[in-house]
Amino acid sequence: MSNTIWTMIQPALVPSGGMEVLNPATGEMIARVQTYSSDEVDAIIQRAEAARKGWAALTAKVRSDRLRDWYNMIQQHHHELAALCTAECGKPLAEASGEVNYAASFAEWFSEEARRAYGETIPGFAEGKAIMVTKEPIGTCAAITPWNFPLAMITRKAAPALAAGCSIVIKPSESTPLSALALEALAVEAGIPKDVFRIVPSEDARAIGQVFCTHPLVRKISFTGSTAVGKKLLEQAASTIKGASMELGGNAPFIVFDDADMDAALDGAMIAKFRNAGQTCIGANRLLVQKSVHDEFVDGLVRRVRDLKVGNGVEPGMEIGPLITDKALRKVDELTASAIKQGATLACGGSRHNAGAQFFTPTVLTGVTQDMDIASQEIFGPVACVMAFDDEAEAIRIANDTRYGLASYFYTRDLGRAWRVREALEFGMVAINEGLLGTEVAPFGGIKESGLGREGSRHGLDEYFELKYALIGGLSG
Ligand code: ADP
């Protein structure tokens, strides 16, 4: 192996000043990171614009090879990256290792897709004319990413942009810049020119967002984060008519019908709800359970939730790490308390956990109803909310009663029901008898206020292309 990750990111660190990166499990400072001002980001965008032309002029095969090398570099540093991810975002090491694979998969997938950016020809509409449509890189792109998947959210945007022949400047979350900087350093080692892929940490997200969205050289903004911020960015991007991809909030229903395989449904619920301590935008926010199997499901759920091991993610076997900030912890605490006040029943958990200042005890609430705050807001914490329903029609009505439309899940063994419910759910993603749906091979994204565009799959590459139509005349002999 070449250098260690820490050696590679050293140039991005500063001995004093800069931005502090904290370990959410312990509160300790891990590093100080150099930050970028609006003016510096402006200069970086200009360099990205200058560099992208040479990058786009390379053959797709060369870009593909560089991305493949990036994939290999990521996997060669797998354990170091997982440790860095756990240190700055708190997820248990096993989950962080899964995230390294997920992050690497986008570099691999888009290295393959880079060579398949086929255009089309269309029969001419008159004699002597031909039509050709090509896919052209959209240009210099900018992106803003969140802390909950600090590695994968970088590669899911950078890999398709680079595959398409674009350059991309990314501001990572202020909580997790180190994973992003590590990926940038590995990309440089893989031969991706520094100016076509830049990470710009900043504590002033608003200012950098403003530069990204209003800069005349930036042709596309890609964002993953909250719906509130996504709306602001879309407004700002209107000033220069930029392309926009938005992966925003969710309020996923997880429906358990009475004919479900109960063990499978419980396994799925644990993953869909408690992965990353509940801090995922596709997390099961509302567990809708048919009344006839409600008690059986709740019993099984409470048993499993009580068994979850809570603690610092570096310790072996830990399953629930800390919440990312004290503010996030307070929100989960308040939502739980307000649900109980509004009539929900506490089946287990319900309070902070003594593993550390930012830990919350895995919790199950039953008797949750649609009018409670906890049913309409993203919980982003280890709190499972169980709601009871009578029949299929009621389940669909409750599931769709949200302004969000990202992920949804349901469990049934009835083929007809599976078909009907899949069709009726107003969500960009539907998992049937599965609790985990993220994969590089499928289009990830939401409808309604959950966002615009898709990431991953062949569609993820198209987000970084414009179509160019050429009419060729004078072809008659
Ligand atoms: P979360 O609550 O999950 O952190 P946010 O939407 O607040 O979601 O954050 C996601 C990303 O958006 C982070 O990189 C953050 O720095 C950035 N961000 C937050 N507020 C703004 C803003 N006003 N303009 C641009 N980016 C922002």
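Since this is a predicted model, take the numbers as computed values, not measurements. (Residues numbered from 1 in each chain as written. Predicted model: local features only at pLDDT ≥ 70, side-chain atom pairs only at ≥ 80, totals over all residues. Heavy atoms only, no water.)

### Thoughts on the site of the ligand
As a reminder of what qualifies: We call a residue near a molecule or strand whenever a single non-hydrogen atom of that residue lies within 4 Å of it. N or O atoms closer than or at 3.5 Å make up a polar contact, with two conditions inside protein: a donor-capable atom paired with an acceptor-capable one, and, for residues adjacent in sequence, both atoms drawn from side chains. Where accessible areas are quoted, they stem from the Shrake-Rupley method and a 1.4 Å probe; at the residue level, only the protein chains shown are allowed to cover. Secondary structure counts use DSSP, requiring at least four H or I residues in a row for a helix and at least two E residues in a row for a strand, with both numbered from the N terminus. Classification convention: Asp, Glu, Lys, Arg as charged; Ala, Val, Leu, Ile, Met, Phe, Trp, Tyr, Cys, Pro as nonpolar; all other residues, Gly among them, as polar.
Around the ligand lies a shell of 16 residues, among which T145, W147, K171, E174 and S226 are the nearest. For the ligand, an oxygen atom lies 3.0 Å from a polar atom in the side chain of W147. E174 places a polar side-chain atom, nitrogen or oxygen, 2.5 Å from an oxygen atom of the ligand. Coverage of the ligand by the protein amounts to 78% of the 550 Å² it exposes when considered alone. Every element with two or more residues in the shell around the ligand is listed here: helix 8 (205-214), strand 8 (218-224) and helix 9 (227-237). Looking at the shell around the ligand, the element that brings in the most residues is helix 8, giving 3 residues. Across the shell around the ligand, the residue classes break down as 7 nonpolar, 6 polar and 3 charged.

### Some words on the packing of helix 3 (residues 60-76) against helix 7 (residues 177-189)
Our working rule: In this description, a line fitted to the C-alpha atoms serves as the axis of each element, helices being fitted only across the stretch in contact, and the angle between N-to-C directions of two axes falls anywhere from 0 to 180 degrees. The scheme is simple: roughly parallel for angles under 35 degrees, roughly antiparallel for over 145, roughly perpendicular for 65 to 115, oblique for anything else. Left-handed describes a crossing whose near helix is turned anticlockwise from the far helix through less than a right angle; right-handed describes the clockwise counterpart. Contacts: residue pairs with any heavy atoms within 4.5 Å of one another.
Following both chains from N to C, one finds helix 3 and helix 7 inclined at 125°, their axes separated by 8 Å at the closest point. When the axis of helix 3 is compared with that of helix 7, the two are oblique. Crossing hand, helix 3 versus helix 7: right-handed. Contacts between helix 3 and helix 7 involve W70, M73 and I74 on the former and, on the latter, L183, L186, A187 and E189. Residues belonging to the contact of helix 3 with helix 7 are distributed by class as follows: 6 nonpolar, no polar and 1 charged.

### Some words on the side chain of K171
For clarity, the cut-off: Only protein chains enter the area calculation, which uses a 1.4 Å probe; residues under 20% of their type maximum are buried, those over 50% are exposed, and those in between are partly exposed.
Here K171 lies in strand 6 (residues 167-171). Residue classification places K171 among the buried residues on the basis of a relative accessible area of 2%.

### Here we look at the domain arrangement of the protein
Defined as follows: The domain limits used here are those given by an automatic or database domain assignment. Two parts placed together each lose some accessible area under a 1.4 Å probe, and adding up what both lose gives the buried area. Salt-bridge detection follows one rule: a side-chain nitrogen of Lys or Arg within 4 Å of a carboxyl oxygen of Asp or Glu.
As far as domains go, the protein holds domain 1 (3-248 + 450-469) and domain 2 (252-439). Taken together, the contact between domain 1 and domain 2 spans 22 residues of the former and 25 residues of the latter. Carbon and sulfur atoms supply 57% of the area that domain 1 and domain 2 bury against each other, a total of about 1900 Å² over both sides. For domain 1, the biggest contributors to the area lost against domain 2 are P24, W147 and S450; these three give 26% of the whole. At the junction of domain 1 with domain 2, the criterion picks out 0 salt bridges. Our enumeration of links across domain 1 and domain 2 arrives at 6 residue pairs in polar contact (both at pLDDT 80 or more). Class assignment of the residues belonging to the side of domain 1 that touches domain 2 gives a composition of 9 nonpolar, 7 polar and 6 charged.

### Remarks on helix 15 (residues 415-424)
Inclusion rule: Directions from the helix axis toward the C-beta atoms define the arc.
Residues R417, A418 and V421 constitute the buried set of helix 15. The buried residues of helix 15 occupy an angular sector of 100° when the element is viewed end-on, so they sit on one face. Within helix 15, the exposed residues directed more than 90 degrees away from the buried face are L415, W419 and E423. Contacts made by the buried residues of helix 15 are with strand 11 (284-290), helix 14 (392-400), strand 16 (407-411) and strand 17 (429-432). Sitting at the amino-terminal end of helix 15 is D414, which places a side-chain oxygen 2.8 Å from the backbone nitrogen of G416.

### Re the sheet that holds strand 4 (residues 130-137)
Basically, it comes down to this: Pairs of strands are assigned from DSSP output, requiring at least two bridges between the strands.
An order of 3-4-20 is seen for the 3 strands of this open sheet, with the pairing classed as antiparallel. With one partner strand each, in any of the chains shown, strand 3 (120-122) and strand 20 (465-472) form the two edges of the open sheet. Across the sheet, the mean angle from the axis of one strand to that of its neighbour is 25°, orientation sign disregarded. Across 8 bridges, the pairing between strand 4 and strand 20 is antiparallel. What sits directly across from P137, in strand 20, is F465.

### Here's the deal with the environment of K129
Structurally, the position occupied by K129 is in the loop between strand 3 and strand 4. Placed 344 residues apart in sequence, K129 and G473 show a C-alpha to C-alpha distance of 4.4 Å. Ignoring sequence-local partners within four residues, the contact set of K129 consists of G124, L471, I472, G473 and L475.

### Focus: the pairing of strand 8
Let me state the cut-off plainly: Throughout, right-handed denotes a crossover for which the path from the first strand over the helix to the second runs clockwise when the strands point away from the viewer.
In terms of burial, strand 8 is a largely internal element, 6 of the 7 residues being buried. In the sheet, strand 5 (residues 140-144) pairs with strand 8 via 5 bridges, with the strands oriented parallel. Bridging across to strand 8, A142 finds its partner in I221. Two strands pair when backbone bridges link them, and strand 8 and strand 9 (residues 243-247) are joined in this way by 5 bridges, in the parallel orientation. Bridging across to strand 9, F223 finds its partner in M246. This β-α-β element, strand 8 to helix 9 to strand 9, shows right-handed connectivity.

### Description of the sheet that holds strand 5
Taken in spatial order, the 6 strands line up as 7-6-5-8-9-19 in an open sheet, and their pairing is mixed. Because the sheet does not close on itself, it has two edges, and the strands there are strand 7 (197-199) and strand 19 (451-452). Judged from the 3 bridges that link them, strand 6 and strand 7 form a sheet pairing that is parallel. Bridging across to strand 7, V169 finds its partner in R198.

### Here's the deal with the packing of aromatic side chains
What counts is decided by this rule: Ring pairs are drawn from Phe, Tyr and Trp, using the six-membered ring of Trp, whenever the two centres fall within 6.5 Å, and their geometry is named by plane angle: stacked under 30 degrees, edge-to-face over 60, tilted for the rest. In our convention, an over-ring charge means Lys NZ or Arg CZ found within 6 Å of a ring centre and within 35 degrees of that ring's normal.
Across all of its chains, the model carries 7 aromatic pairs by this definition. With a centroid separation of 5.6 Å and an interplanar angle of 35°, the aromatic rings of F254 and Y409 are classed as tilted. Of this pair, F254 sits in strand 10 (residues 252-256) while Y409 sits in strand 16, placing them 155 residues apart in sequence. The same class applies to F254 and to Y409, which are both buried. Between F257 and F410, the ring centres sit 6.3 Å apart and the planes meet at 85°, which makes this aromatic pair edge-to-face. Remark: F410 occurs in strand 16 and F257 occurs in the loop between strand 10 and helix 10 (262-274); sequence separation between them is 153 residues. Per residue, the accessibility class of F257 equals that of F410, and both read buried. Ring pairs connect the aromatic residues F254, Y409 and Y411, which therefore count as one cluster. The ring of F149 carries K91 above its face, with NZ or CZ at 3.9 Å from the centroid. Here the guanidinium or amino end of R156 rests over the ring plane of F444, the centre of that ring lying 4.0 Å away.

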